[in-house]
Amino acid sequence: MTQESSLLRLQEVDLQLIRLRSTLAAMPQQKKLRAIALAKKKLATQIKQIVGQRKDVEMELEDNEGEHERLLAATQRVHEEVNERVQGYRRIQDLEAQLTSLAKRQEKLEFNHIDIAERLERAQKAEKNARELGAKLLAEEKAQQESYESESAELQAQVNGLLTERASLVADISEEVMSRYDVAVKRFGGLAVESLSSNVPSTCRVKLQPAIFQKLVRGPRITECPYCHRILVVRDIGTEDIYE
Ligand SMILES: [Zn+2]
């Protein structure tokens, strides 16, 4: 195959690849997979928040229970002093006041403990629900992936065949022409190459003036269209037939 034919075929292969890939991307499984990926991302953020809240509440509970222990120990010490035959009415009054104050603080702590325990339970439940949803999303993702793979097998085989052909075409084309092609593909959205078999290029369809046409026919086989600036592959043309 000549470099010119390889280049024209390369463009066909690339356009077919674009079509196949967009067909694959439009398959319902792919849409669902994209939605699942989005949901997973959102859920991961939520779980991070929920876990943060749960840890905060756990620390609150730990503080509350630590304080509870300290108050119990303090109450115990006051009781011991009362039992050690304390001297003086004032001291006894003072100790009783301490016991009352400790009991009040203890009561308040216990009341808070109920609230904290309830909040912890809610946080744990939210975390459990979120993790269950995560597991469901993973299972759904796996099912969609499997369905996609089985239903797209034929299209994938076509893609693989085209990729193999593409590699052998690229091997036939010089690096210089390939780099021009890569730039033109981006610029012209895939339609990078046109051919000249008459005095009208195949894609832009602008009729060439005789002088320009004659120059192109005598020049290199791979050149540039003077009008649209695509890569122009000049075919063997019987010039006499066109401009006489
Ligand atoms: Zn053109």
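In this text, all values refer to a predicted model and were calculated from it rather than measured experimentally.

What counts and what doesn't
- Residues numbered from 1 in each chain as written.
- Predicted model: local features only at pLDDT ≥ 70, side-chain atom pairs only at ≥ 80, totals over all residues.
- Helix = DSSP H or I, 4+ residues; strand = E, 2+ residues; numbered from the N terminus.
- Buried ≥ 20, exposed ≤ 12 C-beta atoms within 10 Å, placed from the backbone.
- Pairing = 2+ DSSP bridges.
- Domains from an automatic or database assignment.
- Axes fitted to C-alpha atoms, helices over the stretch in contact; angles between N-to-C directions.
- Contact = placed C-beta atoms within 7 Å.
- Expected span 1.5 Å × (residues − 1).
- Core = buried A, V, L, I, M, F, W, Y, C linked by C-beta atoms within 7 Å.
- Parallel < 35°, antiparallel > 145°, perpendicular 65-115°, else oblique.
- Left-handed = near helix turned anticlockwise from the far one by under 90°.
- Nonpolar A, V, L, I, M, F, W, Y, C, P; charged D, E, K, R; others polar.

### Notes on unusual backbone geometry
The backbone of arginine 205 sits at a positive phi, close to 60°, despite the residue not being glycine. Among the secondary structure elements, arginine 205 is positioned in the loop between β1 (193-196) and α6 (210-218). A positive phi angle, close to 70°, is found at histidine 229, a residue other than glycine. As for its placement among the helices and strands, histidine 229 is situated in the loop between β2 (222-224) and β3 (231-234). Judged by the 12 C-beta atoms lying within 10 Å of it, histidine 229 falls in the exposed class.

### Thoughts on the pairing of β3
The pairing of β1 with β3 spans 4 bridges and is parallel. What sits directly across from valine 193, in β3, is isoleucine 231. The sheet contact formed by β2 and β3 spans 3 bridges and is antiparallel. When the bridges of β3 are listed, glutamate 224 appears paired with isoleucine 231. Two successive antiparallel strands, β2 and β3, enclose a turn made up of 6 residues, where histidine 229 displays a positive phi of approximately 70°.

### Focus: the domain arrangement of the chain
Considered domain by domain, the chain is made up of domain 1 (28-151) and domain 2 (174-242). The distance between the C-alpha centroids of domain 1 and domain 2 comes to 73 Å.

### Considerations on the sheet that holds β3
Strand order in the open sheet formed by 3 strands is β1-β3-β2, with mixed pairing between adjacent strands. Edge positions in the sheet fall to β1 and β2, since each has one partner strand and no second. Here the average twist between neighbouring strands, direction ignored, is 35°. On top of the sheet, helix α1 (residues 3-25) reaches β1, β2 and β3; it is set at about 130° to β1, its chief contact.

### Focus: helix α2 (residues 28-83)
The terminal C-alpha atoms of α2, which comprises 56 residues, lie 81 Å apart, in line with the 82 Å expected from a rise of 1.5 Å per residue. At the C-terminal side of α2, arginine 85 shows a positive phi close to 40°.

### Remarks on the nonpolar core
Of all hydrophobic cores here, the largest spans 16 residues; its most connected members are Leu7, Val193, Ile231, Leu232 and Val233. Every element with two or more residues in this core is listed here: α1, β1, α6 and β3. Not counting residues up to four positions away in its chain, the partners in contact with leucine 232 are Glu194, Leu196, Pro201, Thr223, Glu224 and Cys225.

### A word on the packing of α1 against helix α4 (residues 153-172)
Following both chains from N to C, one finds α1 and α4 inclined at 155°, their axes separated by 9 Å at the closest point. Here α1 lies roughly antiparallel to α4, going by the angle between them. The two elements α1 and α4 meet at a crossing, and its hand is left-handed. Judged by residue contacts, Gln3, Ser6, Arg9, Leu10, Val13, Gln16, Leu17, Leu20, Thr23 and Leu24 of α1 engage Leu155, Gln158, Val159, Leu162, Glu165, Arg166, Leu169, Val170 and Asp172 from α4. Looking at the contact of α1 with α4 residue by residue, the class counts come to 10 nonpolar, 5 polar and 4 charged.

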